[in-house]
Amino acid sequence: MKKVAAMVLTFILAFSLAACAGDSSSDGAGGGGDKAGNEDGKITFTIFNSKSEIQEYLEEAAAKYGEEHNVNIEVYYSNDTVAAHLSVKYASHEPYTLAMTDAKDIYSLGVEHGYDLKGQDWVDKTDYAITIDDKVLGFPVCIEARGLLYNADAIEKITGETFDPKSITTLDEFTTFLDRLVEGGMETPTAVLKPDWSLGAHYLQQVYEEREDVDGFVKSLYEGKADLINDVKFNALMDTFDVLKKYNAFASGPISAEDELVHQKMSEGEVAFQFGGCWEWNDIIDFDYTGNIGIMPVPQNLKDDYTGCLVGGGSKYFYIDNSEDTTDEQRKAASDFLNWLVDSQDGQTLISDTCGMVSAFSNNTVTCTNDLGNAVKEYVDAGKLVPNYDYDPDDHYSKVGANMQEYLAGKIDRETLAKDIEAYWSSVKPVEH
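Presented here is a report on the structure given in the accompanying data block. All figures in this text were calculated on a predicted structure; none of them were measured in a lab. (Residues numbered from 1 in each chain as written. Predicted model: local features only at pLDDT ≥ 70, side-chain atom pairs only at ≥ 80, totals over all residues. Heavy atoms only, no water.)

### As for the side chain of Thr 126
Considering the arrangement of structural elements, one finds Thr 126 in the loop between α4 (103-113) and β4 (130-132). We classify Thr 126 as buried; its relative accessible area is 11%. Of note is the side chain of Thr 126, whose polar atom sits 3.0 Å from the backbone nitrogen of Tyr 128. A polar side-chain atom of Thr 126 sits 2.7 Å from the main-chain carbonyl oxygen of Ala 360. Excluding residues within four positions of it along the chain, Thr 126 makes contact with Pro 140, Ala 360 and Phe 361. (Helix = DSSP H or I, 4+ residues; strand = E, 2+ residues; numbered from the N terminus. Buried < 20%, exposed > 50% of the residue type's maximum accessible area, 1.4 Å probe, protein only. Polar contact = N/O pair within 3.5 Å; in protein donor to acceptor, adjacent residues only side chain to side chain. Contact = heavy atoms within 4.5 Å.)

If you want it as structure tokens, here you go:
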């Protein structure tokens, strides 16, 4: 009954909004045409945000910026898949003026719909802009990276020694250290996040990224020629994953453990290690945070060029719509906003302090309020960041992530996992980039 009531209420609300808006060309959901201004004579442009954790901050900043620069900015967020959501907006001729997407979407939607930003002042201040066919289409919002999160306070409480993450580089060293924590009273020193995006798009993704010829390896997957069960990198990372599973605090129900519980145990020092990324900072500090949580490379019994490195890079990108549904005035207003993010003190503070993100721009010297982000920046500055591979098919993490969940739960063995991953890749079309 609650669901039915909710559906009825949603219908009534949608009908009321439609009645108030009248023609869809004036509903303010996109840019362009007569939507370039409104009754107060100001330019109005829209922003699509795909980072849920900064929605409130972005809305507040947009409102303040609008007042100071005599424009109206509307900020939207959707839980839908970014590509699908934006495709619907284009089909209805209501594109966002400024859209935040993943890198791979710049190579699809951006190529067709993105406005060339070459010549903008900010281009020379970053190494992370996306350029395609000599057009600068992607503006990097921030840098993010993945690795093994650790709670130094929890570790030092047991060992009585200052924890040095650089002292652990191999899986053997990591396993020995975990046994030491168990002997010291931490019965289950690891925690594993269950979501398909964490397992498929972040952990397993390293199998593709940590090799010299990434495109060549992915091509072998598409062509059905890869042999994962005999692949050195795949086995090295899965050996480490097995150790994370073995000491997992949620081993009795690994795919029923909610993310909040994992973050709470990490935050409060009930566990010492968890695979994740710097974006989890706000989730961790929501609890009784002990302090001193950092990030380190995933230890593997494999010495190669990626030993001692995190995996990451530009994680979100803005592009400006180039369609006839967006006016030149709106594009100019959106471009001014991007330059404000890069060059103004308020814009830099929004990125690094308020949102706690790692800036992708060399001129931003505002200290990142995210301790994990600060640690990531050290790896960036030291050249110890393995680039993301951003060109997986849209359903990659949901499909392969589900296979990883089965493996985490002990429902399939490694050989079956390898075959399932190979079967997925050979069934999909290559992503052009």
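### Section: helix α16 (residues 396-408)
The end-to-end C-alpha separation of α16 is 18 Å, in line with the 18 Å expected for 13 residues at 1.5 Å each. Positioned one or two residues after α16, Gly 410 has a phi angle of 80°, which is positive. (Expected span 1.5 Å × (residues − 1).)

### Some words on the packing of helix α10 (residues 232-246) against helix α17 (residues 414-425)
For any two helices packed against each other, one specifies the crossing angle of their axes together with the interaxial distance. Following both chains from N to C, one finds α10 and α17 inclined at 130°, their axes separated by 12 Å at the closest point. Judged by the angle between their axes, α10 and α17 are oblique. Classified by chirality, the crossing of α17 by α10 is right-handed. Seen from α10, the contacting residues are Phe 234, Asn 235, Met 238, Asp 239 and Asp 242; seen from α17, they are Arg 414, Leu 417, Ala 418 and Ile 421. Class assignment for the residues of the contact of α10 with α17 results in five nonpolar, one polar and three charged. (Axes fitted to C-alpha atoms, helices over the stretch in contact; angles between N-to-C directions. Parallel < 35°, antiparallel > 145°, perpendicular 65-115°, else oblique. Left-handed = near helix turned anticlockwise from the far one by under 90°. Nonpolar A, V, L, I, M, F, W, Y, C, P; charged D, E, K, R; others polar.)

### Quick look at unusual backbone geometry
With a phi close to 60°, Asn 70 is a non-glycine residue in the positive phi region. Mapping Asn 70 onto the fold places it in the loop between α2 (55-69) and β2 (71-77). Phi angles above zero are rare outside glycine, and Asp 134 is one such case at about 65°. Within the secondary structure, Asp 134 sits in the loop between β4 and β5 (135-151). Under the relative-accessibility criterion, Asp 134 is labelled exposed at 54%.

### Quick look at the nonpolar core
Core analysis: the biggest nonpolar cluster contains 67 residues, and Phe 174, Tyr 208, Phe 234, Phe 241, Phe 273 and Ile 421 have the highest contact counts within it. Residue contributions to this core peak at six residues, all from α10. When residues no more than four places from it in sequence are discounted, the contact partners of Tyr 208 are Val 214, Phe 217, Val 218, Leu 221, Asp 392, His 396, Ile 421 and Trp 425. Counting 56 residues, the second largest nonpolar core, distinct from the first, contains Trp 122, Leu 310, Leu 341 and Leu 372. (Core = buried A, V, L, I, M, F, W, Y, C linked by side-chain atoms within 4.5 Å.)

### Re the packing of aromatic side chains
Summed over all chains, the structure comprises 25 aromatic pairs. Residues Phe 139 and Phe 318 carry aromatic rings whose centres are separated by 6.3 Å and whose planes lie at 40° to one another, so their mutual orientation is tilted. On the criterion of sequence distance, the pair formed by Phe 139 in strand β5 and Phe 318 in strand β9 (residues 310-320) is long-range, its members being 179 residues apart. As far as burial versus exposure is concerned, Phe 139 and Phe 318 are alike and both buried. For the pair Tyr 208 and Trp 425, a centre-to-centre distance of 5.3 Å together with 85° between the ring planes defines the contact as edge-to-face. Of this pair, Tyr 208 sits in helix α8 (residues 205-209) while Trp 425 sits in helix α17, and the two are 217 residues apart along the sequence. (Phe/Tyr/Trp six-rings, centres within 6.5 Å; stacked < 30°, edge-to-face > 60°.)

### Topic: the pattern of salt bridges
Side chains bearing opposite charge may pair, as long as their charged atoms lie close to each other. By the definition in use, this model includes 25 salt bridges. One network of salt bridges, with partners in common, ties together Lys 51, Glu 53 and Glu 144. (Salt bridge = Lys/Arg side-chain N within 4 Å of Asp/Glu carboxyl O.)

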